[in-house]
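Below, each chain spelled out in residue letters.
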Amino acid sequence: MSATAHVPDHGSGPDGTKRDFLQLVALASAAVGAGAIIWPLVDSMNPSKDVLALSEIEVDIAPIPLGSGIIASWRGQPVFIRHRTETEIKEAQAAPLSEMRDPATDAERVKAGHEQWLITSAICTHLGCIPGGIKPTQPRGEFGGWFCPCHGSQYDTAARIRKGPAPRNLPLVPYAFLNDTKIKIG
Amino acid sequence: MVGLHHSDVKNPVLHWIDTRLPVVTMIQKEYGSFPTPKNFNYFWAFGGMAMVTLLLMIATGIFLAMSYTPHITMAFDSVERIMRDVNYGWLLRYAHENGASMFFIVVYVHMFRGLYYGSYKAPRELLWILGITIFLVMMATAFMGYVLPWGQMSFWAATVITNLFSAIPVIGEPIVQWLWGGFSVGNPTLNRFFSLHYLLPFVLFGLVFLHVAALHITGSNNPLGIEPKGPQDTLPFHPYYTVKDSVALCLFFLVFAVLVFFFPDLLGHSDNYIQANPLQTPPHIVPDWYFLPFYAILRAVPNKLGGIALMFASILILYALPWLDTCKVRSATFRPIYRIFFWVLVVTCLVLGVVGEQPPEGIWVPLGQVATAYYFFHFLILLPVLGKLERTLPLPESISQSVLGGGPLPTGAASKPMEKA
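What you are looking at is a predicted structure, and each value in this text was computed from that prediction instead of being measured.

1. Quick notes on the overall build of chain A
Part 1 of the argument: Counting its secondary structure elements, chain A contains five helices and nine strands.
Part 2 of the argument: Taken over the C-alpha trace, chain A has a radius of gyration of 28 Å; the compact-globule value for 186 residues is 16 Å, which it surpasses by more than 25%.
Part 3 of the argument: Once the C-alpha set of chain A is aligned to its principal axes, its extents read approximately 85 × 35 × 30 Å.
Part 4 of the argument: Counting only residues that meet the buried cut, chain A has 36% of its 186 residues in that class.
Part 5 of the argument: Taking all contacts inside chain A whose residues are at least 6 apart in sequence as the whole, residues at least 24 apart take part in 55%.

2. Topic: the sheet that holds strand E7 (residues 161–163) of chain A
Residue and element names in this part refer to chain A.
Part 1 of the argument: Taken in spatial order, the three strands of this open sheet run E5-E6-E7, and their pairing is antiparallel. Only two strands of the sheet have a single neighbouring strand rather than two, namely strand E5 (144–147) and E7. When the angles between neighbouring strand axes are averaged without regard to direction, this sheet yields 40°.
Part 2 of the argument: In this sheet, strand E6 (residues 154–156) lies alongside E5 in antiparallel orientation, the contact comprising three bridges. Paired with Gly144 across the strands is Asp156, a residue of E6.

3. A few points about the packing of helix H2 (residues 16–43) of chain A against helix H3 (residues 46–65) of chain B
Part 1 of the argument: Relative to each other, H2(A) and H3(B) sit at 20°, their axes nearing to 9 Å. Comparing their axes, H3(B) and H2(A) come out roughly parallel. Between H2(A) and H3(B) lies a crossing whose hand is left-handed. Contacts between H2(A) and H3(B) involve A:Ile37, A:Leu41 and A:Val42 on the former and, on the latter, B:Leu56, B:Ala59, B:Thr60 and B:Phe63.
Part 2 of the argument: Split by residue class, the contact of H2(A) with H3(B) holds six nonpolar, one polar and no charged.

4. A word on the interface of chain B and chain A
Part 1 of the argument: The interface of chain B with chain A comprises 22 residues on the first partner and 21 residues on the second.
Part 2 of the argument: Here chain B meets chain A over a buried area of about 1,800 Å², counting both sides, of which 64% is carbon and sulfur.
Part 3 of the argument: Taken as a group, B:Gln28, B:Phe63 and B:Asn87 account for 30% of the area that chain B buries against chain A, more than any other trio of residues on that side.
Part 4 of the argument: Summed over the shared surface of chain B and chain A, the result is one salt bridge.
Part 5 of the argument: A:Asp50 is the partner of B:Arg81 in a salt bridge, and the nearest nitrogen-oxygen pair spans 2.5 Å.

5. Digging into the nonpolar core
Part 1 of the argument: Ranked by internal contacts, the top residues of the largest apolar core, which has 111 residues, are B:Phe104, B:Leu115, B:Phe135, B:Tyr375 and B:Phe379.
Part 2 of the argument: The dominant element in this core, judged by the number of residues it contributes, is helix H5 (residues 89–117) of chain B, at 15 residues.
Part 3 of the argument: Residue-level mapping places this core at the junction of two domains, with at least three residues from each of domain 2 (39–281) and domain 3 (286–396) of chain B.
Part 4 of the argument: Beyond its immediate sequence surroundings of up to four residues, B:Phe379 is in contact with B:Leu115, B:Ile317, B:Leu318, B:Leu321, B:Leu324, B:Leu345 and B:Pro384.
Part 5 of the argument: One finds A:Ile61, A:Ala72, A:Tyr175 and A:Ile183 within the second-largest nonpolar core, a separate group that totals 14 residues.

6. Here we look at the packing of aromatic side chains
Part 1 of the argument: Enumeration according to the criterion identifies 37 aromatic pairs over all chains in this entry.
Part 2 of the argument: Measuring from ring centre to ring centre gives 5.2 Å for B:Phe40 and B:Trp44, while their planes differ by 15°; the resulting arrangement is stacked. Side by side, B:Phe40 and B:Trp44 carry an identical accessibility label, which is buried.
Part 3 of the argument: An aromatic cluster of at least three residues, connected via ring pairs, comprises B:Tyr31, B:Phe40, B:Trp44, B:Phe112, B:Tyr116, B:Tyr117, B:Phe237, B:Tyr241, B:Tyr338, B:Phe342 and B:Trp343.
Part 4 of the argument: Note that A:Arg75 overlies the ring of A:Trp74, its terminal NZ or CZ placed 4.4 Å from the centroid.
Part 5 of the argument: Here the guanidinium or amino end of B:Lys244 rests over the ring plane of B:Tyr42, the centre of that ring lying 4.6 Å away.

Conventions adopted
- Residues numbered from 1 in each chain as written.
- Chains lettered and ligands numbered in written order.
- Predicted model: local features only at pLDDT ≥ 70, side-chain atom pairs only at ≥ 80, totals over all residues.
- Heavy atoms only, no water.
- Helix = DSSP H or I, 4+ residues; strand = E, 2+ residues; numbered from the N terminus.
- Rg over C-alpha atoms; globule rule 2.2 N^0.38 Å.
- Buried < 20%, exposed > 50% of the residue type's maximum accessible area, 1.4 Å probe, protein only.
- Contact = heavy atoms within 4.5 Å.
- Pairing = 2+ DSSP bridges.
- Axes fitted to C-alpha atoms, helices over the stretch in contact; angles between N-to-C directions.
- Parallel < 35°, antiparallel > 145°, perpendicular 65-115°, else oblique.
- Left-handed = near helix turned anticlockwise from the far one by under 90°.
- Nonpolar A, V, L, I, M, F, W, Y, C, P; charged D, E, K, R; others polar.
- Buried area = accessible area lost by both parts, 1.4 Å probe.
- Salt bridge = Lys/Arg side-chain N within 4 Å of Asp/Glu carboxyl O.
- Core = buried A, V, L, I, M, F, W, Y, C linked by side-chain atoms within 4.5 Å.
- Domains from an automatic or database assignment.
- Phe/Tyr/Trp six-rings, centres within 6.5 Å; stacked < 30°, edge-to-face > 60°.
- Lys NZ or Arg CZ within 6 Å of the ring centre and 35° of its normal.

Have a look at this one:
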């Protein structure tokens, strides 16, 4: 910028500070203007209103047989809804926290009074596959919960990571019981 | 000329880059110290505005394309979804739609500026030719963009414009089917229009680069139309014209904002908010405003091939302009008779625009024919003859003499930039 010498000349003159100030104000205004133009472009890539409008779903859980479950689709992502047996609940409650990579009690992972229903994200925290085990016919791993076919992560009956490369338990999703047989996810 | 560039840049990182790829030196030379005639008026700001508009169109277009679906059953709904659901989608779409109008406004002023001040004359013929090419590519891009929302006007504009090619004898019909990818405007047509509408702005960008490169060889014309004779006639582009162009850009954005935020549909057609229906033509169909003069020329001749040939000729004739105008004096300031006819041409083009908007009946038909005839008379007969006959006014010695002698500026204030340059 120095070759024209016009701007530096003024900068070193007696009114240099005023010129510097004007330049800063002009550049700052231009930067704000550019930001105001760029933000709508960037924000247009965020989830749109119609996508956000689909962020709540209602699921009828009455037909899910004991010991089995379903995969619901919430915001385009799979969600496990599993109807646990008494044995599975007992196993989950008895599991020692000290052996867990991401310790959490079973009570923290289900709603009180609805212990038979385990509702979590169905996305393995390792690299995003869907672990098998929602149906009793699928391999459920050593801990009777889920077994991820991609890299062998094993989850227990509270969907906590017990073995394999995944770093965390299957994340919980926000949900509420509308009545005993109907839930709202989201 | 192999070897590292000798860079004057002080910053070590920029110096390292500049010795290997002298971009910093180039920007400094072409946009910093570039000697620019010191007598520009604000009409010289429209080229810069056009470049900014192109960049805005590309930016908004890229983000619109992320939410648009080029399929005949989904295109219309996807545009509505952009307007209602996508964050700031309404702003992007209105800015893109009205940006096209702003682009044409700015480019038309830019072109008439060139006509008035004789900017197309030697040695700037190629600069002008590149400009006309930019104009043609712009029109093609705008037309294809207009088809994408798949409204009634989109569909029928596409039908009418592509059918123009059916006037070509013998091969016309196969060409039109090739353009359509079928036997009518349909999904293949929409797909290829989307593809080309995305491609052509980058072609435009390349053409603009060549346009500016050619400009920086010949240097800019100026309101007096005489060449700068030395440093006393010029100013460095920065800060003098970067600042002047910035002032013009602020006004440009003001007008643009009023259009986008208060009258977003002023220049559009309400029929385009009805989804395309291939079985029903709207009662009154017209192109977007910027095509109206050419549309009027198309309809001036009651013969299919003749009208189409005349319409294309009205643009192509501009390529020959540097050789049709035989007068050596550039600026209309010193051409008292040309100056009158220049304004007659401006009025003629406006009349053609109004005629293009009206249904082709009654007084509008002969009016369009007279205006069309005058348009061609101006370029084909008036300009070659006037150049030989007109007595031009005496040209000033130099830009500097004209600025200092004619203006009310005190000597000290006016000579200050001269010392610096």
